[in-house]
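Descriptive structure summary
If you want the building blocks of each chain, they are given just below.
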Amino acid sequence: MISHDEAIQQNHEKLVELMEKIRSLEIKLVEAEKQEMDWRKIVTQNKNHLNDVKREARELSIKLFGEEKSVGYPVND
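Below: a short report on this structure. (Residues numbered from 1 in each chain as written. Predicted model: local features only at pLDDT ≥ 70, side-chain atom pairs only at ≥ 80, totals over all residues. Heavy atoms only, no water.)

Turning our eyes to something else, we now look at the overall build of the chain. Across its full length, the chain holds one helix and zero strands. Carbon and sulfur atoms provide 58% of the accessible area of the chain, an area that totals close to 7400 Å². (Helix = DSSP H or I, 4+ residues; strand = E, 2+ residues; numbered from the N terminus. Areas by Shrake-Rupley, 256 points an atom, 1.4 Å probe, with all protein chains shown as cover.)

Structure representation (structure tokens):
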């Protein structure tokens, strides 16, 4: 049987380990959230660029043919 002081020491060591794990996981979470924000920014930029290109194609189609022409696939904003 372990003494009261030894039990306290073991619990303290376990608590320190758990606190280190928590800190490590918090850091990983922050990094993952930042990466997610970066990806969302890239997706938003690509969507905006796609919409700009679709708008330009629509305007050119109207200018050339007097109406919007399909290019074989749906053009949605």
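After that view, the rundown keeps rolling.
Taken as a whole and assessed by the stated rule, the structure comprises four salt bridges. Between E26 and R23 there is a salt bridge, with its nearest N and O atoms 3.9 Å apart. Taken as a pair, E26 and R23 lie in helix α1 (residues 4–65) at a separation of three residues, close to a single helical turn. On the accessibility criterion, E26 (40% relative accessible area) is partly exposed. One salt bridge in this structure joins K34 and D38, with 3.1 Å as the shortest N-O distance. Residue K34 and its partner D38 are both found in helix α1; the two are separated by four residues, about one turn of the helix. (Salt bridge = Lys/Arg side-chain N within 4 Å of Asp/Glu carboxyl O. Buried < 20%, exposed > 50% of the residue type's maximum accessible area, 1.4 Å probe, protein only.)

The end-to-end C-alpha distance of α1, which contains 62 residues, comes to 89 Å, matching closely the 92 Å that a straight helix rising 1.5 Å per residue would cover. Every buried residue of α1 is accounted for by N51, K54, R58 and S61. Count one or two residues on from α1 and you reach G66, which has phi positive near 80°. (Expected span 1.5 Å × (residues − 1).)

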